[in-house]
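Take a look at the letters that make up each chain.
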Amino acid sequence: MSFKYKRLDKNDAAVLLIDHQTGLFNLVRDFEPIQFKNNVLALADSAKFFNLPTILTTSFDNGPNGPLLPEIIEMFPEAPLIRRPGQINAWDNEEFVAVVKKTGKKQLIIAGIVTDVCVAFAALSAVEAGYEVFVVTDASGTFNAEVRDAAWRRMEAAGVQLVNFFSVACELHRDWRNDMEGLAALLGKYIPAYQNIMTSFSAK
């Protein structure tokens, strides 16, 4: 049985941030609120650092789901923002799919709220459409660990790769010599322990 390591490629990847809305953040219980928001912003900042096409989408953002997290809008003022009028699965929205196809990328890095619905449905649909899909587990949240784990198993069974924001950044970067200071600054911004490492290194 052969195995092929499908690495994330910064030249062939796009990021889909699905329903990171202020109201929906209240549903996330499998991560501490502050840590979860940190992880979401870390992924978004990583997408910006590597200049990846980034697509934003919301569901009923004029209702209780609330608007997209303001910090994400600030990071990507020019990014496509697809405001879905009703579709639960973003892939059921023709405008969203058209924007994804327009990127020309074959690898999709997906995160959102909630893991078992908005993330899983879009991820499974993207796999079916022929994309390589990477779901960022620590930038996706849901009601509890049991629900999350079931969603992870469902996606893994379909070929989705489960990653976290740290592994995404490192796999895209490939080699510290590409920009050691830049990546270290990015990681240190969101991982205090990593910043301590860099501070200690700089002080010697």
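Check the entry above for the structure.
This structure is a prediction, so every number in the text was calculated from the model and none was measured.

**Here we look at the nonpolar core**
Counting 42 residues, the largest nonpolar core has Leu43, Ile72, Phe76, Ile109, Val136 and Val168 as its most contacted members. Mapped onto this core, the elements with two or more residues apiece are strand 1 (13–18), helix 1 (33–49), helix 2 (70–75), strand 4 (107–112), strand 5 (132–136), helix 6 (165–173) and helix 7 (180–190). Once residues lying within four places of it in the same chain are set aside, the contact partners of isoleucine 72 are Leu17, His20, Val40, Leu41 and Leu56. Val119, Tyr131, Val133 and Val135 belong to the second-largest nonpolar core, a separate cluster that totals 25 residues.

**Digging into the packing of aromatic side chains**
Taken as a whole and assessed by the stated rule, the structure comprises five aromatic pairs. Clustering of aromatic rings is evident, with ring pairs tying together Phe25, Phe31 and Phe36.

**Details of helix 6**
For helix 6, the set of buried residues is Phe165, Val168, Ala169, Glu171, Leu172 and His173. The inward-facing, buried residues of helix 6 abut helix 1, strand 4, strand 5, strand 6 (161–163) and helix 7. One or two positions beyond helix 6, positive phi appears at arginine 174, with a value near 70°.

**Points about the packing of helix 6 against helix 7**
Look at helix 6 against helix 7: their axes get within 11 Å of each other, and the N-to-C directions meet at 175°. In terms of orientation, helix 6 and helix 7 fall into the roughly antiparallel class. Seen from helix 6, the contacting residues are Phe165, Phe166, Ala169 and His173; seen from helix 7, they are Met180, Leu183, Leu187 and Tyr190. Residues of the contact of helix 6 with helix 7, tallied by class, amount to seven nonpolar, one polar and no charged.

**Overview of the sheet that holds strand 4**
Strand order in the open sheet made by the six strands is 3-2-1-4-5-6, with parallel pairing throughout. Each having just a single partner strand, strand 3 (81–84) and strand 6 make up the two edges of the open sheet. Put simply, the sheet's adjacent strands are angled 25° from each other on average, direction ignored. Pairing of strand 1 with strand 2 (residues 54–59) involves four bridges; the strand directions are parallel. Bridge assignment links isoleucine 18 to a residue of strand 2, and that residue is threonine 57. The sheet strands contacting helix 3 (residues 94–103) are strand 1, strand 2, strand 3 and strand 4, and the helix crosses strand 2 at an angle near 170°.

**Let's talk about the pairing of strand 1**
Most of strand 1 sits out of view: six of its six residues are buried. Where burial is concerned, the two faces of strand 1 agree: the one with Ala13, Val15 and Leu17 and the one with Ala14, Leu16 and Ile18 are both buried. With helix 1 bridging strand 1 and the parallel strand 2, this β-α-β connection has right-handed handedness.

**Concerning unusual backbone geometry**
With an omega of 0°, the peptide bond running from isoleucine 113 to valine 114 counts as cis. Here valine 114 shows up in the loop between strand 4 and helix 4 (115–128). Look at aspartate 19: it is not a glycine, yet its phi comes out positive at around 60°. Mapped onto the elements of the fold, aspartate 19 is located in the loop between strand 1 and helix 1. Unlike most non-glycine residues, asparagine 51 shows phi in positive territory, near 60°. Among the structural elements, asparagine 51 can be located in the loop between helix 1 and strand 2. Judged by relative accessible area, asparagine 51 falls into the exposed class, the value being 67%.

**Let's talk about the side chain of asparagine 39**
Inspection of the secondary structure puts asparagine 39 in helix 1. Filtering out sequence-adjacent residues up to four positions away, asparagine 39 remains in contact with Phe31, Asp138, Ala139 and Phe165.

**Describing the pattern of salt bridges**
Tallying each qualifying case throughout the model produces seven salt bridges. As a salt-bridge pair, aspartate 30 and arginine 148 come within 3.9 Å of each other at their nearest N and O atoms. Remark: arginine 148 occurs in helix 5 (residues 145–157) and aspartate 30 occurs in the loop between strand 1 and helix 1; sequence separation between them is 118 residues. We note that aspartate 30, like arginine 148, is buried. Among the salt bridges present, the one from arginine 177 reaches aspartate 175, with a minimum N-O distance of 2.6 Å. By relative accessible area, which is 75% here, arginine 177 ends up exposed.

Parameters and conventions
- As a convention, each chain's residues are numbered from 1 in the sequence order in which they are written.
- Since the coordinates come from a predicted model, pLDDT governs what is reported: local features require at least 70, and pairs of side-chain atoms require 80 or more to be given and counted, while whole-chain, interface and lining totals use all residues.
- To obtain the side-chain values, all non-hydrogen atoms of the structure were included, while hydrogens and water were left out.
- Nonpolar core, defined: a set of buried Ala, Val, Leu, Ile, Met, Phe, Trp, Tyr and Cys residues in which side-chain atoms within 4.5 Å join the residues together.
- Remark: exposure states derive from per-residue accessible area (1.4 Å probe, protein chains only) relative to the maximum for the residue type, with buried under 20%, exposed over 50%, and partly exposed in between.
- Secondary structure elements follow DSSP: runs of H or I of four or more residues count as helices, runs of E of two or more count as strands, with numbering from the N terminus.
- For this analysis, residues touch if any pair of their heavy atoms sits within 4.5 Å.
- Here a Phe, Tyr or Trp ring, Trp counted by its six-membered ring, pairs with any other such ring whose centre lies within 6.5 Å, and the pair is stacked when the planes are under 30 degrees apart, edge-to-face when over 60, and tilted otherwise.
- Orientation is described by lines fitted to C-alpha atoms, with helices fitted over the stretch in contact, and by angles between N-to-C directions that extend from 0 to 180 degrees.
- Comment on the angle field: the value is read as roughly parallel under 35 degrees, roughly antiparallel over 145, roughly perpendicular from 65 to 115, and oblique elsewhere.
- Nonpolar residues are Ala, Val, Leu, Ile, Met, Phe, Trp, Tyr, Cys and Pro. Charged residues are Asp, Glu, Lys and Arg, and all others, Gly as well, are polar.
- Criterion used throughout: strands pair if DSSP finds at least two bridges between them.
- Here the term right-handed applies to a crossover when the path leading from its first strand over the helix to its second strand runs clockwise, the strands being oriented away from the viewer.
- Here a salt bridge means any side-chain nitrogen of Lys or Arg lying within 4 Å of a carboxyl oxygen belonging to Asp or Glu.

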